[in-house]
Amino acid sequence: MARDLTQLELLQELLPVAEENVNRHLSMAKEWHPHDYVPWDEGRNFAELGGIDWDPAQSRLDEVAKAAMITNLLTEDNLPSYHREIAENFSQDGAWGTWVGRWTAEENRHGIVMRDYLVVTRAVDPVQLEQFRMEHMTNGFSSPSGVEAGFLHSVAYVTFQELATRVSHRNTGKACNEPIADKMLQRIAADENLHMIFYRNMCGAALDLAPDQVLEAIDHVVQNFQMPGAGMPNFRRNGVLMAKHGIYDLRQHLEEVVMPVVRKWNVFERNDFTARGEEIREGLGKFLENLDAQATKFEEQRDRMLAREAKKREQRVS
Ligand SMILES: [Fe+2]
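Note that the coordinates shown come from a computational prediction; the quantities given were computed from them, not determined experimentally. (Residues numbered from 1 in each chain as written. Predicted model: local features only at pLDDT ≥ 70, side-chain atom pairs only at ≥ 80, totals over all residues. Heavy atoms only, no water.)

*Asks:* Looking at this structure, I do not really get the overall build of the chain. What am I missing?
*Replies:* Check the secondary structure of the chain and you find 11 helices and zero strands. If you list the helices and strands of the chain from N to C, you get α-α-α-α-α-α-α-α-α-α-α. Rg of the C-alpha trace for the chain: 21 Å, near the compact-globule value of 20 Å for 318 residues, within the 12% margin. For the chain, the C-alpha atoms occupy an extent of roughly 70 × 45 × 35 Å along the three principal directions. Sorting the 318 residues of the chain into buried and exposed places 50% on the buried side. Of the contacts formed within the chain by residues at least 6 apart in sequence, a portion of 84% connects residues at least 24 apart. With the model as given, the accessible surface of the chain reaches about 15800 Å², and the carbon-plus-sulfur share is 51%. Within the chain, the 50 negative side-chain charges are centred at a point lying 7 Å from the centre of the 36 positive side-chain charges. (Helix = DSSP H or I, 4+ residues; strand = E, 2+ residues; numbered from the N terminus. Rg over C-alpha atoms; globule rule 2.2 N^0.38 Å. Buried < 20%, exposed > 50% of the residue type's maximum accessible area, 1.4 Å probe, protein only. Contact = heavy atoms within 4.5 Å. Areas by Shrake-Rupley, 256 points an atom, 1.4 Å probe, with all protein chains shown as cover. Lys, Arg positive; Asp, Glu negative; His and termini not counted. Charge placed at Lys NZ, Arg CZ, Asp CG, Glu CD.)

*Asks:* Would you take a moment to explain the coordination of the iron ion for this structure?
*Replies:* Reference values for angles at a metal are 109.5 degrees in the four-donor tetrahedral case and 90 or 180 degrees in the six-donor octahedral case. Here the iron ion is held by Glu76 (OE), Glu76 (OE), Glu107 (OE), His110 (ND1) and Glu192 (OE), and the distances to it run 2.0 to 2.5 Å. In terms of primary sequence, the donors binding the iron ion are separated according to E-x30-E-x2-H-x81-E. A residue pair is termed long-range when its members are at least 10 positions apart, and glutamate 107 in helix α4 (residues 94-120) and glutamate 192 in helix α7 (residues 179-209) qualify at 85 residues. Pair check on accessibility: glutamate 107 and glutamate 192 agree, each one buried. (Donors = N, O, S within 2.8 Å, 3.2 Å for Na, K, Ca; no water.)

*Asks:* Help me understand helix α3 (residues 79-89) in this model?
*Replies:* Counting along an α-helix, one turn takes 3.6 residues, and residues three or four places apart therefore face a common direction. Listed as buried for α3 are Leu79, Ser81, Tyr82, Glu85, Ile86, Ala87 and Asn89. The inward-facing, buried residues of α3 contact α1 (7-28), α2 (63-77), α4, α6 (151-176) and α7.

*Asks:* Teacher, can you tell me more about the environment of phenylalanine 132 here?
*Replies:* Tracing the backbone shows phenylalanine 132 in helix α5 (residues 126-139). In this structure phenylalanine 132 comes out as buried when scored by relative accessible area, which is 12%. C-alpha of phenylalanine 132 to C-alpha of leucine 49: the two residues are 83 residues apart in sequence and 23 Å apart in space. Setting aside anything within four residues of it in sequence, one finds phenylalanine 132 in contact with Ile70, Leu74, Pro233 and Asn234.

*Asks:* Help me understand helix α9 (residues 235-244) in this model?
*Replies:* Asn238, Leu241, Met242, Ala243 and Lys244 are the residues of α9 that are buried. Packing partners of the buried residues in α9 comprise α2, α6 and α11 (275-317). Looking at the residues trailing α9, positive phi occurs at glycine 246, about 70°.

*Asks:* Please explain the packing of aromatic side chains as it appears in this structure.
*Replies:* Geometrically, a pair of aromatic rings is defined through the distance of the ring centres and the angle of the planes. One pass over the full model with this rule turns up 11 aromatic pairs. Between tryptophan 99 and tyrosine 199, the ring centres sit 5.5 Å apart and the planes meet at 90°, which makes this aromatic pair edge-to-face. Within this pair, whereas tryptophan 99 is found in helix α4, its partner tyrosine 199 is found in helix α7, the two being separated by 100 residues in sequence. For the pair shown, tryptophan 99 and tyrosine 199 are each scored as buried. Note on phenylalanine 198 and tyrosine 199: the rings are 5.5 Å apart at their centroids and 85° apart in plane angle, and the pair reads as edge-to-face. Each member of the pair, phenylalanine 198 together with tyrosine 199, is buried. An aromatic cluster is present here, built from Phe90, Trp96, Trp99, Trp103, Phe151, Phe198 and Tyr199 joined pairwise through their rings. Sitting over the ring of tryptophan 32, arginine 109 keeps its end group 5.4 Å from the ring centre. The ring of phenylalanine 46 carries arginine 122 above its face, with NZ or CZ at 3.9 Å from the centroid. (Phe/Tyr/Trp six-rings, centres within 6.5 Å; stacked < 30°, edge-to-face > 60°. Lys NZ or Arg CZ within 6 Å of the ring centre and 35° of its normal.)

*Asks:* It is not clear to me how unusual backbone geometry should be interpreted in this structure. Could you clarify?
*Replies:* Residues apart from glycine generally show negative phi values, whereas peptide bonds are mostly found in trans. Unusually for a residue other than glycine, asparagine 234 sits at a positive phi of about 60°. If you trace the backbone, asparagine 234 turns up in the loop between α8 (211-223) and α9. In this structure, asparagine 266 takes a positive phi of about 55° despite not being glycine. When you line up the elements, asparagine 266 lands in the loop between α10 (250-264) and α11.

Given below as structure tokens:
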């Protein structure tokens with residue numbers, strides 16, 4: 001049986017692919033400015049400077065949009081933790097170092113523009129937002145339990161994570177029911193998509209290089225996947241609200257995040273696995289079937305719950 005490649009060997013072998021993909025990214029990425037997505041004329045001072053402090057009545061966002069915005073912004077705020085994970089597992093040399101710096105700088109824009117928008121439009125409580133940011137960043141983020149660090153796990157995880165945040169931002173934009181927020185979140189989602197493509201290409205190239213070893217990492221990540229917001233204040237409540245209203249649910253996770261990537265890597269079509277890879281692939285197949293069944297069950301429960309709530313509203317009106 002061929003031995004696994006070391007982290008250093010992987011990084012060296014994949015360096016030309018990293019170079020090619022950094023160049024591809026730089027040629028595709030569009031310059032954009034956070035200040036262009038914020039309605040500054042709606043801004044006014046808070047009490048400290050003689051104005052008035054935040055009041056819930058000032059927000060135009062409903063509970064779902066608020067929960068989704070806060071969850072997505074706190075996720076972006078936690079960038080130092082993600083930077084640490086990526087910087088520790090990628091090399092600082094050549095194209096790897098260029099990517100880590102560039103990716104971090106682009107990601108930082110997302111938190112900047114979302115916070116400016118939310119504070120200027122008074123869409124959420126700025127004091128609570130700051131308390132949540134402090135708590136979430138102080139706790140930091142580390143790979144979900146059971147997923148060991150290392151280049152392969154990191155690159156597989158961020159492939160799915162970038163795509164997951166893309167879906168979440170897009171649907172949050174729609175839920176805001178407000179054209180500026182929608183445009184801003186579409187802009188962020190387009191960045192996340194380009195980031196996803198970089199990581200997906202890197203992980204795909206690694207899969208060609210060491211099929212069994214890389215499939216093992218992918219399988220581990222898929223089976224232990226947690227949204228990056230796990231552990232933030234109110235994550236359970238907000239996660240439930242977001243799933244209930246179609247911003248990010250299990251069906252979307254399976255069909256818009258996991259499956260498109262798995263298909264792109266030809267996981268179920270390729271013939272370069274040995275017995276070890278075949279066994280992992282079989283386990284992954286079973287896991288995905290089970291996820292599909294769980295998604296169906298969730299959708300049925302949700303339909304019943306939404307129907308019950310609609311009926312209650314009807315009764316209140318009549
Ligand atoms: Fe982002």
